[in-house]
Amino acid sequence: MFAQVNKYFDKAAAHLDYPPGLLSQIKACNSVYRMQFPLKRDDGTIEVINGWRAQHSVHRLPTKGGIRFAPQVDEDEVSALAALMTYKCALVDVPFGGAKGAVRVDRSKYSDGELERITRRYTYELFAKNLIGPGMDVPAPDYGTGPREMAWIVDTYATLARGEIDALGCVTGKPVTQGGVRGRAESTGRGVYFALREALNDKEDMKARKIRPGLDGKSVVVQGLGNVGYHAAKFIQEGGGVLVALSEREGSIFSEKGLDLEKVMEHRKATGSILGFPGISRSSPNNGDALEMDCDVLVPAALENVITEENVDRIKARIIVEGANGPITADASEKLLGRGVLIVPDIYTNAGGVTVSYFEWVKNLSHMRFGRMEKRFQERSNERILAGVEHLTGLHFTPEEHERVSAAAGEEELVNSGLEETMISAYRELRAIQKERSVDLRTAAFINAIGKVAMAYQQRGIFP
Ligand code: NAD
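Rules used throughout
Residues numbered from 1 in each chain as written. Predicted model: local features only at pLDDT ≥ 70, side-chain atom pairs only at ≥ 80, totals over all residues. Heavy atoms only, no water. Salt bridge = Lys/Arg side-chain N within 4 Å of Asp/Glu carboxyl O. Helix = DSSP H or I, 4+ residues; strand = E, 2+ residues; numbered from the N terminus. Buried < 20%, exposed > 50% of the residue type's maximum accessible area, 1.4 Å probe, protein only. Pairing = 2+ DSSP bridges. Axes fitted to C-alpha atoms, helices over the stretch in contact; angles between N-to-C directions. Near = heavy atom within 4 Å. Polar contact = N/O pair within 3.5 Å; in protein donor to acceptor, adjacent residues only side chain to side chain. Areas by Shrake-Rupley, 256 points an atom, 1.4 Å probe, with all protein chains shown as cover. Nonpolar A, V, L, I, M, F, W, Y, C, P; charged D, E, K, R; others polar. 1 Å grid on protein atoms, 1.4 Å probe; cavity = no way out; pocket = protein on both sides within 12 Å on 5 of 7 lines; lining within 4 Å. Points joined across faces, edges and corners; volume = space filled by probe spheres on them. Expected span 1.5 Å × (residues − 1). Contact = heavy atoms within 4.5 Å. Patch = residues over 30% accessible without salt bridge, like charges linked within 9 Å, V, L, I, M, F, W, Y side chains within 5 Å.

Some thoughts on the pattern of salt bridges
Logical step 1: For the coordinates displayed, the defined rule picks out 42 salt bridges.
Logical step 2: Where Asp142 meets Arg68, a salt bridge forms, and the shortest distance between an N and an O atom there is 2.7 Å. Linking Asp142 in the loop between β5 (137–141) and α5 (147–160) with Arg68 in strand β3 (residues 63–70), this pair joins segments that are 74 residues apart in sequence.
Logical step 3: Residue classification places Arg68 among the buried positions, given a relative accessible area of 3%.

Remarks on the sheet that holds strand β7 (residues 242–248)
Logical step 1: The strand order across the open sheet built from seven strands is β9-β8-β7-β6-β10-β11-β12, with neighbouring strands paired in mixed fashion. Of all strands in the sheet, those bounded by a partner on one side alone are β9 (282–284) and β12 (342–344). For this sheet, the mean inter-axis angle between neighbouring strands, taken without regard to orientation, is 15 degrees.
Logical step 2: Here strand β6 (residues 219–223) pairs with strand β10 (residues 297–300) via four bridges, running parallel. Pairing of Val222 across the sheet is with Val299, part of β10.

Regarding the sheet that holds strand β4 (residues 97–104)
Logical step 1: Taken in spatial order, the five strands make up an open sheet running β1-β2-β4-β3-β5, and their pairing is mixed. Only two strands of the sheet have a single neighbouring strand rather than two, namely β1 (31–40) and β5. The sheet shows a mean angle of 25 degrees between the axes of neighbouring strands, direction not considered.

Observations regarding the site of the ligand
Logical step 1: The full set close to the ligand counts 22 residues, and Arg68, Asp142, Thr188, Glu248 and Arg249 are the nearest of them.
Logical step 2: One of the side-chain N or O atoms of Glu248 is found 2.5 Å from an oxygen atom in the ligand.
Logical step 3: In this structure, Asn325 approaches the ligand through a side-chain N or O atom, which is 2.9 Å from an oxygen atom.
Logical step 4: Within the complex, the protein chains bury 88% of what would otherwise be the 830 Å² of accessible surface of the ligand.
Logical step 5: Listing elements by their share of the shell around the ligand, those giving two or more residues are α8 (227–238) and β7.
Logical step 6: When grouped by side-chain class, the residues that make up the shell around the ligand number six nonpolar, 11 polar and five charged.

Concerning the layout of surface pockets
The gaps left among the atoms become clear once a water-sized probe is rolled over them.
Logical step 1: Space inside the second largest pocket adds up to approximately 220 Å³.
Logical step 2: Contributing to the lining of the second largest pocket are Gln25, Asn30, Val58, His59, Ala456, Tyr457, Arg460, Gly461, Ile462 and Phe463.
Logical step 3: For the lining of the second largest pocket, the leading source of residues is helix α16 (residues 441–460), giving three residues.
Logical step 4: A breakdown of the residues in the lining of the second largest pocket according to their chemical character gives five nonpolar, four polar and one charged.

A short note on α8
Since the α-helix turns once every 3.6 residues, residues separated by three or four places project in the same direction.
Logical step 1: With 12 residues, α8 extends 17 Å between its outermost C-alpha atoms, agreeing within 8% with the 16 Å of an ideal straight helix rising 1.5 Å per residue.
Logical step 2: Taken together, the buried positions of α8 are occupied by Gly229, Tyr230, His231, Ala232, Ala233, Phe235 and Ile236.
Logical step 3: Structurally, α8 contributes buried residues whose contacts are with α6 (187–201), β6, β7, α9 (261–271) and β10.
Logical step 4: Just beyond α8, the residue with positive phi is Gly240, at close to 110 degrees.

Considerations on a nonpolar patch on the surface
Logical step 1: Together, Ile385, Val389 and Phe397 line one region of the surface with nonpolar side chains, adding up to about 240 Å² of accessible area.
Logical step 2: Along the polypeptide, Val389 turns up in helix α13 (residues 375–393).

In structure tokens form, the structure reads like this:
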């Protein structure tokens, strides 16, 4: 996977005029720490667990990147994902270096108590090597982990670093009640929606592909209904997209009329599967089948390498929005581009998560909820303006209008607004590079990211 990421890097680097040594340094993974630690299982036996933490680039600190719990993960994958984090952070102007962590476990085979012991011991191993901390390296959720694991991490870290006033900033994606920020859980999926919306609103791009601009009525397929896929599907459906197929581990379901996401989720919760959902036109036990459906938009949001040389010729989507990291291999990507498919790349599309993680980290370092100081003040100012307008015009607003117009932003509104701003500005930067250099969006994204990391090296110099 790292070689795939580097292929994209090299394609973009060919458009840039930096010294080859500098480009090699940007591309290299600075360090990978491999750990093996014991887990005492519930039956008393001891198992050796394999884990990694890769810090791809320390041109900015802290480094940042999720922790993945997955059965097949290895050093190459962690390094590749850490590299994507470096480029992603640069792209959306989040001031972190890139990192990634992983534990090789199939979480379905462990009890909650065992998963807690794995998470805490993994955190301890990082702590012992100075590889976690608010100014050092800040993990987050990724495939197979969520707010619960982040709460265990912060508790372990705060216990070990007793008295460290910024301890809450050692990890992001925490529950809101444990120092998390409102809007983080849905942020990656919301960002995927903004990315798709920006792409579909680009009239020139849509005209070139004979696609009517806008999301309304577009047929959309989503693979993976976890954190990213579920929220992406939710916001896409709310925005007017029609979910014509969904896929999870157990298979794919199809309905040209559109699937009701919440009802599918309820059905899966009740039966353990999306298959058998009533009213669908067909289903398949193959989770890859949904990818091949004829649709306007495909959102792979499960795992990497799901569109490869093997199935690329059967992919019919006109736009692919990469919710997951690395869902398309480099060779398959070239074929799709050759056919005129618009690929909105992962390092931009799923950057909403790290963007809001950045907001959470800032909140933790400031020790205060966003909006707490100014919300009431702002609302009273708005009330005074309304009263002035009423006085001058002799008109009167209804109580509902008063409430709507004078309402000031709380934490969630501020976070969502910051996320939207980030996704819109980043897309505009990408489009400008794409037009100027006549490249695809992924190459534009890499050109943008490499340029920003290179600037950091050039301005700060190489130590020593
Ligand atoms: P998750 O564990 O919450 O969800 C993944 C979902 O995919 C699960 O429901 C799983 O059952 C399903 N799945 C697994 N294999 C599948 C298959 N072959 N077909 C269909 N479904 C399958 O993980 P997540 O956090 O949503 O991450 C998904 C992807 O998004 C990963 O590539 C991750 O690196 C990336 N990502 C996540 C975040 C984040 O904030 N969580 C941020 C950026 C990128």
